[in-house]
Amino acid sequence: MKMSDDLTAFSIIIPFKSWSPDLDECLSHIEKLSGGNYEIILLPDNALSLPEKFSHLPIVILPTGAVNPAIKRDMAAKKARGEFLAFIDDDAYPEPDWLEVAHRFFNRNPDAGAIGGPAITPQHDPFWARVSGAVFLSSVSGGNPERYVPCPPGRKVDDWPSVNLIVRKEAFLMAGGFDSKYWPGEDTLFCMKFIEQTGSKIVYVPELVVWHHRRPGLPKHLRQIGNYGLHRGFFAKKFPQTSRKFKYFIPSIWVCFVVFGMALSFISKLAGFLYLAGWAVYSIALVISWKDIRRHEPMSVALGAVPYIILTHIWYGLRFGMGLTSRELRSSLGR
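Residues numbered from 1 in each chain as written. Predicted model: local features only at pLDDT ≥ 70, side-chain atom pairs only at ≥ 80, totals over all residues. Heavy atoms only, no water.

Asks: I tried to follow unusual backbone geometry on my own but got confused; where do I start?
Replies: With glycine set apart, most residues show a phi of negative sign, and most peptide bonds adopt trans. Each neighbour pair has its own omega, and for Pro152 with Pro153 the value is 5°, a cis peptide bond. Following the sequence through the fold, Pro153 ends up in the loop between α4 (127-134) and β8 (155-157). Pro184 follows Trp183 through a cis peptide bond whose omega is 0°. Inspection of the secondary structure puts Pro184 in the loop between α5 (169-174) and α6 (186-198). Despite not being glycine, Asp179 has its phi angle at roughly 45°, a positive value. With respect to the secondary-structure elements, Asp179 resides in the loop between α5 and α6. (Helix = DSSP H or I, 4+ residues; strand = E, 2+ residues; numbered from the N terminus.)

Asks: Looking at this model, I keep getting lost on the packing of aromatic side chains. Mind explaining?
Replies: Any two aromatic rings considered together are summarised by their centre-to-centre distance and by the angle between their planes. One pass over the full model with this rule turns up 26 aromatic pairs. Judged by centre distance (4.4 Å) and plane angle (15°), the ring pair of Trp254 and Tyr282 falls under stacked. With Trp254 in helix α9 (residues 246-265) and Tyr282 in helix α10 (residues 269-294), this residue pair connects regions lying 28 residues apart in the sequence. Tyr282 matches Trp254 in its accessibility class, with the two residues each being buried. Three or more aromatic residues joined by ring pairs form one cluster here, namely Phe87, Phe172, Phe178, Phe190 and Phe194. In this structure, Arg73 is placed above the aromatic ring of Phe178, and the distance from its NZ or CZ to the ring centre is 5.0 Å. (Phe/Tyr/Trp six-rings, centres within 6.5 Å; stacked < 30°, edge-to-face > 60°. Buried < 20%, exposed > 50% of the residue type's maximum accessible area, 1.4 Å probe, protein only. Lys NZ or Arg CZ within 6 Å of the ring centre and 35° of its normal.)

Asks: Sorry if this is basic, but what is going on with the sheet that holds strand β7 (residues 119-120) here?
Replies: Think of a sheet as strands paired side by side through backbone hydrogen bonds, with each pair either parallel or antiparallel. If you walk across this open sheet you meet the 3 strands as β5-β11-β7, and the pairing is mixed. Sheet topology places β5 (92-94) and β7 at the edges, where each strand pairs with a single neighbour. In this sheet, strand β11 (residues 210-212) lies alongside β7 in parallel orientation, the contact comprising 2 bridges. When the sheet's bridge partners are listed, Ile120 is paired in β11 with Trp211. (Pairing = 2+ DSSP bridges.)

Asks: What exactly am I supposed to notice about the pattern of salt bridges here?
Replies: Here the idea is simple: oppositely charged side chains can pair when their charged atoms come close. By the definition in use, this model includes 14 salt bridges. Note that Asp24 is salt-bridged to Lys53, the shortest N-O span being 2.8 Å. Of this pair, Asp24 sits in helix α1 (residues 21-30) while Lys53 sits in the loop between β2 (37-43) and β3 (59-61), and the two are 29 residues apart along the sequence. Put simply, Asp159 and Arg147 hold a salt bridge, and the shortest N to O gap is 3.9 Å. You can see Asp159 sitting in the loop between β8 and β9 (164-168) and its partner Arg147 sitting in the loop between α4 and β8, a full 12 residues away along the chain. Of the two residues examined, Asp159 and Arg147, each falls in the buried class. Via salt bridges that share partners, Arg73, Asp89 and Glu186 belong to a single interconnected network. (Salt bridge = Lys/Arg side-chain N within 4 Å of Asp/Glu carboxyl O.)

Asks: What should I look at first to understand α1 in this one?
Replies: Every α-helix carries 3.6 residues per turn, so stepping three or four residues along brings you back to the same face. Along α1, the residues classified as buried are Leu23, Asp24, Glu25, Cys26, Leu27 and Ile30. In this fold, the buried residues of α1 make contact with β1 (9-15), β2, β3 and β5. (Contact = heavy atoms within 4.5 Å.)

Asks: Would you explain the pairing of strand β4 (residues 84-88) in this entry?
Replies: Sheet faces and side chains relate simply in a regular strand, where the side chains alternate between the two faces. Along β4, 5 of the 5 residues are buried, which leaves the element largely enclosed by surrounding structure. Here β4 shows two buried faces, one formed by Phe84, Ala86 and Ile88 and the other by Leu85 and Phe87. Pairing of β1 with β4 involves 4 bridges; the strand directions are parallel. Among the inter-strand pairings, Ile12 is bridged to a residue of β4, identified as Ala86. Across 5 bridges, β4 lies against β9 in antiparallel orientation. The residue of β9 that forms the bridge with Phe84 is Arg168.

Here you go:
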């Protein structure tokens, strides 16, 4: 469980609404961690009783009320005793060497203020949940496959999800914590602020692995994607430092092409030819995505991911456009 010769203390911070089988699984795997003197800070909405089987773990329960995950994490950071804050979601669980990898990296890289690693879809997830995760396994279909599978080498990043993010507490407090009314997207703003205000770097460490359950079924998948698209579109306007990248605009450009290209194709033969050519290029991109997915998933999952990719691009593009034209966003506490 814990290494007696390891002087580095980790505070593992888990925000959630209420107890769930996923949280049970998360704690069961934390119990198997092979390194690090750690504490676990649980952040439920309301007070709860800890199951007897976890009573031997160094757990602090901090009820927060119905607030967003950013506020929960900031509350935990103020109570944390660890030198490092290890953020993970309640529907994820770490590899046994999670803290060992982090401890080793921070010792060798004192200039690194934070590290992040991939959140891999568990092989025992239901079929459609694996399909949902497969959408992101290609840079063509999802943009950032390193967030979902280990993609060496390690490198600096300017944006990383809080499902697998470990931060030096001193630097975290220097940056003012998450301090965000937005969710999702709070981790994007934190990373931007963290780099600007601390001068530290965030490093992608492919060996720092957690496993992350995906949304089961198309409606929940699209709801999550839509929320990401909405916030990214709004951030592209309000926080351009890390969100105004061309790749985030591509789905919206594609949606415009699909809609207006179809209309123009009825008016002009040239427009019709270009419209068909655009779909041909998109089809090639789907084939590339499918091949990338097949490196990690079986044929059935890769085939199921193709229609998911098409719908993901369209829905993300629409919601990104909505965010881009929004004056303000209201945080959602739902899933």
